[in-house]
Amino acid sequence: MNKSELIDQIAKGADISKASAGRALDAATAAIGKALKKGELVTLIGFGTFYVGKRAARNGRNPRTGATIKINAANSPKFRAGKALKDAVN
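Please read all numbers here as calculations on a predicted model, not as lab measurements.

Caption draft 1: Region of interest: the overall build of the chain. Per the secondary structure count, the chain includes three helices and five strands. Order of helices (α) and strands (β) in the chain, N terminus to C terminus: α-α-β-β-β-β-β-α. The C-alpha atoms of the chain give 19 Å as radius of gyration, which overshoots the globular expectation for 90 residues (12 Å, by more than 25%). The principal-axis extents of the C-alpha atoms in the chain amount to approximately 55 × 30 × 25 Å. Per-residue burial over the chain gives 18% buried out of 90 residues.

Caption draft 2: Structural detail: helix α1 (residues 3-14). Spanning 12 residues, α1 covers 16 Å between terminal C-alpha atoms, matching the ideal 16 Å at 1.5 Å per step. Just downstream of α1 lies Asp 15, where phi reads positive at about 55°.

Caption draft 3: Quick peek at the nonpolar core. Counting residues in each nonpolar core, the largest one holds five residues, listed as Ile 32, Ala 35, Leu 36, Val 42 and Phe 50. When residues of this core are assigned to their parent elements, the largest contribution, three residues, is made by helix α2 (residues 18-37). Excluding residues that lie within four positions of it along the chain, Ala 35 makes contacts with Glu 40 and Val 42.

Caption draft 4: Inspection of the sheet that holds strand β5 (residues 74-81) at higher detail. Taken in spatial order, the three strands line up as β1-β2-β5 in an open sheet, and their pairing is antiparallel. Whereas interior strands pair on both sides, the edge strands pair on one side only; in this sheet they are β1 (42-44) and β5. Averaged over all neighbouring strand pairs, the angle between strand axes comes to 30°, with direction disregarded. Sheet topology note: the strand β2 (residues 48-55)/β5 ladder contains eight bridges and is antiparallel. Bridging across to β5, Val 52 finds its partner in Pro 77. In the packing of α2 onto the sheet, the strands contacted are β1, β2 and β5, and the crossing angle to β2 comes to about 40°.

Caption draft 5: Here's a closer look at the packing of α1 against α2. Between α1 and α2, the shortest axis-to-axis distance is 8 Å and the interhelical angle comes to 115°. Overall, the two elements α1 and α2 adopt an arrangement that is roughly perpendicular. Both α1 and α2 take part in a crossing whose hand is right-handed. Packed against α1, whose contacting residues are Lys 3, Leu 6, Ile 7, Asp 8, Ile 10 and Ala 11, the element α2 presents Lys 18, Ala 21, Gly 22, Leu 25 and Asp 26 at the interface. Of the residues contributing to the contact of α1 with α2, the split by class is six nonpolar, one polar and four charged.

Calculation criteria
Residues numbered from 1 in each chain as written. Predicted model: local features only at pLDDT ≥ 70, side-chain atom pairs only at ≥ 80, totals over all residues. Heavy atoms only, no water. Helix = DSSP H or I, 4+ residues; strand = E, 2+ residues; numbered from the N terminus. Rg over C-alpha atoms; globule rule 2.2 N^0.38 Å. Buried < 20%, exposed > 50% of the residue type's maximum accessible area, 1.4 Å probe, protein only. Expected span 1.5 Å × (residues − 1). Core = buried A, V, L, I, M, F, W, Y, C linked by side-chain atoms within 4.5 Å. Contact = heavy atoms within 4.5 Å. Pairing = 2+ DSSP bridges. Axes fitted to C-alpha atoms, helices over the stretch in contact; angles between N-to-C directions. Parallel < 35°, antiparallel > 145°, perpendicular 65-115°, else oblique. Left-handed = near helix turned anticlockwise from the far one by under 90°. Nonpolar A, V, L, I, M, F, W, Y, C, P; charged D, E, K, R; others polar.

None of this, on its own, says anything about what the molecule does.
Take a look at the structure:
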């Protein structure tokens, strides 16, 4: 399912226009992104939790030359599925 298909499903399920559903989806993803940028958790009961994972700095290897390179520490967005979502999938 891509973004336009998701917007169609939201519009049909909420009985709103596709334009309104698109704006709602964009607002929701922007709000989640802003919260994660601040380092906050975003918990949707029954669906799951969005959070920021931290990766430590480490040494890697350039596959072409074999030279050792330093990979900087980074933050990465992550998602942990809730029980209701896991049950629905299984």
